[in-house]
Amino acid sequence: DLPARVRIHEVGARDGLQNEKRAVPTEVKAEFIHRLARSGLTTIEATSFVHPKWVPQLADAEDLFPLVQDIEGVHLPVLVPNARGLDRALALGAHRVAVFASATESFAKANLNRTVAESLAVFEPVVARAKEHRAHVRGYLSMCFGDPWEGPVPVHQVVSVAKALLDMGCDELSLGDTIGVATPGHVQTLLSELNEEGVPTNVIGVHFHDTYGQALANTLAALQHGVTTVDASAGGLGGCPYAKSATGNLATEDLVWMLRGLGIETGVDLGRLTDTSRWMAGHLGRPSPSRTVSALAQP
Ligand code: HMG
Ligand code: MG
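Naming follows an unreviewed UniProt entry, where the chain appears as Hydroxymethylglutaryl-CoA lyase of Streptomyces endophyticus. For the record of the chain, the UniProt heading Sequence similarities (unreviewed entry) holds the text "Belongs to the HMG-CoA lyase family."

Next up, the structure:
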């Protein structure tokens, strides 16, 4: 059975823009987020409070967040890698934060300069303090399927980090296929294994990158399993600067097109969203990779 409604967790302004070679002006990012909100998206990841040298594209987080934080009816989660990041987010009044862990040692080192265990030890007090501030906490889990250095990732590694994130108090998980190598059977296997190990489907979101064109098929497999939170990025922007070969996320338009066809509610106005992605593509100087965005642009 498919769900009646899916909550889209829009990551274009964060996962999308963190990988752009040219810096996008803060005002353009703010307008992007406002336009995404006007398209009907209600969870819009705004930026990251990470080290500005690690992700220079998001170094303007302090300037950007105040320009968007009051949008009515919209949640604006931000990424925080450690206590310093949480301080910065809380100082601006953020209500939703996300820590980001890895199922593999190679990516934990590349992305966080820590081992998996060290990074979990960093997150534990961060999550506890976020909860004291009544913030909603998402726990990202990267490299759930394959890793560019380690190859296929054993399911038990994913299960163990997923449980650790929930045990420390994360309200939800987002299972990342950071380099886009997952296929639908693998998705079903991982979700079943998580359930068997006591991780319920209702705390699981999925985060597919579209490197091999499988993101939509993987999403359908997750929906069939009962998942109702799906990450996507407007126009298919994105990639991770610390994971080679990661391309953009599942495009939000491609997702909405499929869900609309299945009669699944999202609250998104596809016309407004494609207009937004075309407007953003103009700023970035190249067309959106989303098939739906280009198809709907035909006269
Ligand atoms: P580090 O170099 O080990 O940092 O980096 P440190 O803890 O040793 O601190 C060194 C200095 O950095 C200190 O300053 C800190 O204050 C400062 P000093 O005392 O030397 O003057 N510092 C900070 N400054 C500002 N904000 C901060 C911060 N933290 C420390 N938050 C660190 C460790 C985690 C900071 C670094 O590795 C980092 O920022 N990594 C972020 C990488 C990132 O953002 N990657 C992309 C997001 S993840 C992703 O895209 C995957 C996802 O989409 C899911 C999927 O697809 O799988 C989520
Ligand atoms: Mg990602």
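Asks: Outline the overall build of the chain, supporting the account with residue identities and numerical values.
Replies: For the chain, the helix and strand inventory stands at twelve helices and eleven strands. Taking the principal axes of its C-alpha atoms as reference, the chain extends roughly 50 × 40 × 35 Å. Burial status across the chain gives 50% buried among its 299 residues. When contacts within the chain are restricted to residue pairs at least 6 apart in sequence, those whose partners lie at least 24 apart make up 73%.

Asks: Could you give me a rundown of the sheet that holds strand E10 (residues 204–208), with the residues and numbers involved?
Replies: Pairing within the open sheet is parallel, and its nine strands lie in the order E2-E1-E11-E10-E9-E6-E5-E4-E3. The open sheet has two edge strands with one neighbour each: strand E2 (43–44) and strand E3 (47–48). In this sheet, strand E4 (residues 78–79) lies alongside E3 in parallel orientation, the contact comprising two bridges. Among the inter-strand pairings, Thr47 is bridged to a residue of E4, identified as Val78.

Asks: Could you give an account of unusual backbone geometry, naming the residues involved and the relevant values?
Replies: The general pattern is negative phi for most residues beyond glycine and trans for most peptide bonds. One non-glycine residue, Asn113, lies in the positive phi region at around 60 degrees. Structurally, the position occupied by Asn113 is in the loop between helix H5 (105–112) and helix H6 (116–132). Here Asn113 falls in the partly exposed class, since 13 other C-beta atoms lie within 10 Å of it.

Asks: Account for the site of ligand 1, with residues named and values stated.
Replies: Around ligand 1, a shell composed of 26 residues is seen, among which His51, Gly85, Ser142, Gly176 and Thr178 lie nearest. Broken down by secondary-structure element, the contributors of at least two residues to the shell around ligand 1 are helix H4 (83–91), H5 and strand E6 (136–142). Looking at which element gives the most residues to the shell around ligand 1, the answer is H4, with three residues. Class assignment for the residues of the shell around ligand 1 results in eleven nonpolar, twelve polar and three charged.

Thresholds applied
Residues numbered from 1 in each chain as written. Chains lettered and ligands numbered in written order. Predicted model: local features only at pLDDT ≥ 70, side-chain atom pairs only at ≥ 80, totals over all residues. UniProt positions renumbered as here; feature names shortened; annotations may be inferred. Helix = DSSP H or I, 4+ residues; strand = E, 2+ residues; numbered from the N terminus. Buried ≥ 20, exposed ≤ 12 C-beta atoms within 10 Å, placed from the backbone. Contact = placed C-beta atoms within 7 Å. Pairing = 2+ DSSP bridges. Near = placed C-beta within 6 Å. Nonpolar A, V, L, I, M, F, W, Y, C, P; charged D, E, K, R; others polar.

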